[in-house]
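Structural description and commentary
Chain by chain, the residues run as shown.
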Amino acid sequence: MLRKITSVMLSAVFIISAAITTSAAEGDALRDKMLVSFSAEESESYEVYSKELKSELYAKEEINLIPAGGSVLLVEGESITFDVGVPTDAIYQIKLTYKTADESTQNPSCALRVDGALPFDGASNMWLSRLWKNETEILQDATGNDLYQSQIQLHDEHTEYLRDPNGYFDEPYLFLLTAGVHTIELRSVQCEYEIISLTLCTPRELRSYEKKLAEYKAAGLKEAQDIENIKIQAENVTVKSSAMLAAVADRSSPAIEPAVEMTTRLNILGGGRFDDFGQWIEYQIDDIPADGLYQLTFKVKQNECKGINVARNIYVNGEIPFEEAKNFEFKYSSKYQNVVFGDENCAYLIPLKKGKNTIRFEASLGEVAEICRRVEESLEKLNAAYREIITVTG
């Protein structure tokens, strides 16, 4: 069910116009043993842990930790330890810069301890992304049909925040460090990857679109005027988090580009392949004519979740620009529709610089995250009660 809740199909991914428009087994005994030992530790849930954290303690400055020698390779079961001095009690988010170092198709994962203990249960297994791209442009066979593209894995440097792999908490995890010296241990739970840096970050606090727009204008950015629309087709993705996010053919609607009847054209991306929390696709736009504020429009079909909106986080040049770009919702429709990135009052304007920019779409649970979290919490309580009954009754 969670897969369906996050499913959406892109045709022209987006269009930038004086606004932009788009449419579209390798785990072994060692890892199993590690997972058991980590889960056996007594640690509270992240929900309980985070309730005690107050924004007044949010760190004001970042602390960047770099391994001796510049980087270190972690294989499954190995760890790296950092000693860090914290000037005052402070709350941080943590982001990891790394490169994958094996050819597995599984997501790397890690565990983090502070002073030898898990700060909360979710820190025992946090996923990281792999990077993939199409091996070639779309090629055709002798009869003019598009050939499905092979996918190749990239081992480029990549940065991600540590967060809940289930998507029940849509913000990166918060970590409280008291004043003094602490030991942070990062352990590879699954796969091999090269650690380049670990950064204790100031927690990101997204501001409303209204406030961000005022900031953009105060910085001298103006609405782009008199430019031709820039259309990015969904199948022309630059980089993605899964080899499953490959273009497929759809002949169901003349609204799709390219629309053909007799031949196969790879003209959409997503649907049931783009349905796991944290999956993302990213597009590079090379030809923005000038610094300014632009609009986005998407051509999409969300026909799997009747009565439920599907959500995506939208990143511009690596950042979610404002609160409304988090968990942006796509409504159910049996047909492809043009969706303006905005609300009932206005189309949102996003800041783009002259030349190259990136736009990323990341699957999120949106409004159902809280429901899923409550359901899991209830199941855990029921299981605990069941175990107590069995203990008493035999």
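Presented here is a report on the structure given in the accompanying data block. (Residues numbered from 1 in each chain as written. Predicted model: local features only at pLDDT ≥ 70, side-chain atom pairs only at ≥ 80, totals over all residues. Heavy atoms only, no water.)

**Remarks on the overall build of the protein chain**
Secondary structure assignment for the protein chain yields 5 helices and 26 strands. The buried share among the 394 residues of the protein chain stands at 51%. Within the structure as shown, the protein chain displays about 19100 Å² of accessible surface, and the carbon and sulfur contribution to it stands at 50%. (Helix = DSSP H or I, 4+ residues; strand = E, 2+ residues; numbered from the N terminus. Buried < 20%, exposed > 50% of the residue type's maximum accessible area, 1.4 Å probe, protein only. Areas by Shrake-Rupley, 256 points an atom, 1.4 Å probe, with all protein chains shown as cover.)

**A short note on the environment of E160**
Checked against the element boundaries, E160 lands in strand 12 (residues 158–161). Accessibility expressed as a relative area gives 12% for E160, which makes it buried. Between the C-alpha atoms of E160 and W127, which are 33 residues apart in sequence, the distance is 9.5 Å. Polar contacts involving the side chain of E160 include one to the side chain of S129, which spans 2.3 Å. (Polar contact = N/O pair within 3.5 Å; in protein donor to acceptor, adjacent residues only side chain to side chain.)

**Quick word on the pattern of salt bridges**
In the structure shown here, the tally under the stated rule is 14 salt bridges. K326 is the salt-bridge partner of E323, the closest N and O atoms lying 3.6 Å from each other. Here K326 falls in the buried class, since its relative accessible area comes to 13%. Salt bridges linked by common partners bring D170, E171, R204, E323 and K326 together as one network. (Salt bridge = Lys/Arg side-chain N within 4 Å of Asp/Glu carboxyl O.)

**Looking at the side chain of K326**
Position of K326 among the secondary structure elements: in the loop between strand 22 (310–316) and strand 23 (328–330). The residues touching K326, leaving out its near neighbours within four places in the chain, are D170, E171, L206, R312, N313 and I320. (Contact = heavy atoms within 4.5 Å.)

**Section: the packing of aromatic side chains**
Per the stated rule, a full pass over the model turns up 21 aromatic pairs. Aromatic pair Y46 and Y49: ring centres 6.2 Å apart, planes at 35°, arrangement tilted. Residue Y46 and its partner Y49 are both found in helix 3 (residues 46–51); the two are separated by 3 residues, about one turn of the helix. Residues Y46 and Y49 agree in their burial class; the two are buried. An angle of 80° between the planes, with centres 6.2 Å apart, marks the rings of Y283 and F361 as edge-to-face. In this pair, Y283 sits in strand 20 (residues 280–288) while F361 sits in strand 26 (residues 355–364), placing the two residues 78 residues apart along the sequence. The exposure classification of Y283 matches that of F361, with both residues buried. One aromatic cluster is present, formed by Y209, Y283, F298, F322, F328, F330, F341, Y348 and F361 through successive ring pairs. One residue, R204, lies across the ring of Y161, its end atom 5.4 Å from the ring centre. The ring of F274 is capped by R312, whose NZ or CZ atom sits 4.2 Å from the centre of that ring. (Phe/Tyr/Trp six-rings, centres within 6.5 Å; stacked < 30°, edge-to-face > 60°. Lys NZ or Arg CZ within 6 Å of the ring centre and 35° of its normal.)

**Thoughts on the nonpolar core**
What tends to happen in soluble globular proteins is that the nonpolar side chains get buried as a cluster. Grouped together as the largest cluster of nonpolar side chains are 43 residues, with contacts concentrated most on Y92, L96, L112, L162, L186, L198 and L200. Each residue touching L186, except ones within four places of it in the same chain, is listed here: L74, E78, S79, I80, L96, C110, A111, L112, I195 and L198. Formed by 37 residues, the second largest nonpolar core is a distinct cluster that contains Y209, L269, I288 and F341. (Core = buried A, V, L, I, M, F, W, Y, C linked by side-chain atoms within 4.5 Å.)

These figures capture arrangement, not role.
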